[in-house]
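Here's the letter readout for the chains.
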Amino acid sequence: MEADRFISEFNRLYGNSEPFLFIVDFELSRFVLHPLSELGSSSDILYDFRGLTNYQGTNTRRSLPEITKRPITFDSYRKSFDMVQKRQTDGDSYLLNLTFPTEIDVDLCFDEIFAGSRAEYKLKYGDEFVFFSPESFVRISGGYITTSPMKGTRLMTTADCERLLMDDEKELAEHITVVDLLRNDLNSVADDVRVTSFRYPSYIRHGEKTIVQTSTDIRGRLRQDKDMASVILGLLPAGSVSGAPKRMTLDIIRQAEGAPRGFYTGIAGVYDGENIDTCVIIRYIEKKEGGTFFRSGGGITVYSRAQDEYAELLEKVYVPII
């Protein structure tokens, strides 16, 4: 679906209070929109957005999935990492989210991944991709818009990992940068924008492992002078998975990553007839070119270390089942 048709159909359904699901890719080149009335339990598109779902099955998996990873080599990653940091030293960007695909073998089909994964937002789009995202993008309800950027991740290997994450100056600076970026983004569509909850931890458990991440809630009173589709699209791509300043950073991302991201780090959302709830498409598995790939990455600053960021990229390749 082209952008103009997407905007027209989005606003028509929204104006008629007709529930629908929508997806927009990172490059703002692919747009998907389906009325929820077309997405029954037998649909190839399955969704579960914080309990709003068309899925009626159950998870029968009782063992941890086996995942074999074939990631980008560290040397290849390092070349892109060094280029990013050179541009940051030159002052072209001060935060950039660098991502790459990892080819995987996993003993689960997309239906099983969707059914068994635990996440606030889940979606299976036919045989093309499945994701299980913990990160909200924007929620629109009662005339207010809220965003909850998630930035800062650590695998909990010791009892003090949460404290170490919260006390990490590099992680704090990265988080503040994203919060400032998203606050400025909301100011373009809302008034009285303010942080309502700053840098709180949340936890993702899969098997015996736990990942702790930090988020912040930002809220504003939505202006009524724009159509709703333009409000959503005007905030894209999401600041937490791009960087700052956004425009120059997007140019650097294209050079460093070497290929479009597609739906990965785009957004997906559901309108239930009253409210809009959207997420950032992360924790994403796709099939392409004869293989299955899990995309992941993390925020880079001038203070980042290549080995640490490469390790984080690999740590995020998981399926949160059991």
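Worth saying up front: this structure is predicted, and the values here are computed from it rather than measured.

What counts and what doesn't
- Residues numbered from 1 in each chain as written.
- Predicted model: local features only at pLDDT ≥ 70, side-chain atom pairs only at ≥ 80, totals over all residues.
- Heavy atoms only, no water.
- Core = buried A, V, L, I, M, F, W, Y, C linked by side-chain atoms within 4.5 Å.
- Buried < 20%, exposed > 50% of the residue type's maximum accessible area, 1.4 Å probe, protein only.
- Contact = heavy atoms within 4.5 Å.
- Patch = residues over 30% accessible without salt bridge, like charges linked within 9 Å, V, L, I, M, F, W, Y side chains within 5 Å.
- Areas by Shrake-Rupley, 256 points an atom, 1.4 Å probe, with all protein chains shown as cover.
- Salt bridge = Lys/Arg side-chain N within 4 Å of Asp/Glu carboxyl O.
- Helix = DSSP H or I, 4+ residues; strand = E, 2+ residues; numbered from the N terminus.
- Polar contact = N/O pair within 3.5 Å; in protein donor to acceptor, adjacent residues only side chain to side chain.
- Expected span 1.5 Å × (residues − 1).
- Phe/Tyr/Trp six-rings, centres within 6.5 Å; stacked < 30°, edge-to-face > 60°.
- Lys NZ or Arg CZ within 6 Å of the ring centre and 35° of its normal.

Enquirer: How do you make sense of the nonpolar core when you look at a structure like this?
Expert: For soluble globular proteins, nonpolar side chains are generally found buried alongside one another. If you look at the biggest cluster of nonpolar residues, it comprises 58 residues, and the most contacted ones within it are Phe10, Ile23, Leu123, Phe131 and Ile145. Ignoring any residue separated from it by four or fewer positions in sequence, one finds leucine 123 in contact with Leu21, Ile23, Leu46, Tyr47, Phe49, Phe114, Phe129, Val130 and Phe131.

Enquirer: Whenever I open this one, a nonpolar patch on the surface confuses me. Can you help?
Expert: Together, Ile176, Val195 and Phe198 make up an exposed nonpolar region whose accessible area comes to about 220 Å². Within the secondary structure layout, isoleucine 176 lies in helix α5 (residues 169-187). Among the residues examined, isoleucine 176 registers a relative accessible area of 36% and is labelled partly exposed.

Enquirer: Hey, could you run me through unusual backbone geometry in this one?
Expert: Phi is mostly negative for residues that are not glycine, and the peptide bonds are mostly trans. Look at the link from leucine 236 to proline 237: it is a cis peptide, with omega at -10°. Mapped onto the elements, proline 237 comes out in the loop between α6 (228-234) and β14 (243-244). A cis amide bond links alanine 244 with the next residue in sequence, proline 245, at an omega value of -10°. Phi angles above zero are rare outside glycine, and arginine 50 is one such case at about 50°. Within the secondary structure layout, arginine 50 lies in the loop between β3 (45-49) and β4 (52-53). The phi dihedral of aspartate 192 is positive, around 55°, even though this residue is not glycine. On the secondary structure map, aspartate 192 appears in strand β12 (residues 190-206).

Enquirer: Looking at this structure, I do not really get the side chain of asparagine 97. What am I missing?
Expert: With respect to the secondary-structure elements, asparagine 97 resides in strand β6 (residues 95-106). With a relative accessible area of 6%, asparagine 97 lands in the buried category. Within the local environment of asparagine 97, its side chain forms a polar contact with the side chain of lysine 151, the two groups lying 3.1 Å apart. A polar side-chain atom of asparagine 97 sits 3.4 Å from the main-chain amide nitrogen of glycine 299. If sequence neighbours within four positions are ignored, asparagine 97 has contacts with Lys151, Ser240, Val241, Ser242, Ile253, Glu257, Arg261, Gly298 and Gly299.

Enquirer: How should α5 be read in this particular structure?
Expert: For the α-helix, the turn length of 3.6 residues means that residues three or four positions removed from each other point alike. In this model, α5 (19 residues) spans 27 Å end to end at C-alpha, consistent with the 27 Å of a helix rising 1.5 Å per residue. Taken together, the buried positions of α5 are Lys170, Glu171, Glu174, His175, Thr177, Val178, Val179, Leu181, Leu182, Asp185 and Leu186. Two or three places before lysine 170, at the opening of α5, aspartate 168 has a side-chain oxygen 2.9 Å from that residue's backbone nitrogen.

Enquirer: Would you take a moment to explain the packing of aromatic side chains for this structure?
Expert: By convention here, two paired aromatic rings are described through the distance between centres and the angle between planes. Taken as a whole, this structure holds 22 aromatic pairs when the rule is applied. Here phenylalanine 6 and phenylalanine 31 contribute two aromatic rings whose centre-to-centre distance is 5.2 Å and whose plane-to-plane angle is 35°, an arrangement assigned as tilted. On the criterion of sequence distance, the pair formed by phenylalanine 6 in helix α1 (residues 3-15) and phenylalanine 31 in strand β2 (residues 31-35) is long-range, its members being 25 residues apart. Neither phenylalanine 6 nor phenylalanine 31 differs from the other in exposure class; each is buried. In textbook terms, an aromatic cluster arises when at least three aromatic residues are bridged by ring pairs, as seen for Phe6, Phe10, Tyr14, Phe20, Phe22, Phe31 and Tyr271. The ring of phenylalanine 26 carries the charged tip of arginine 261 above its face, separated from the ring centre by 4.3 Å.

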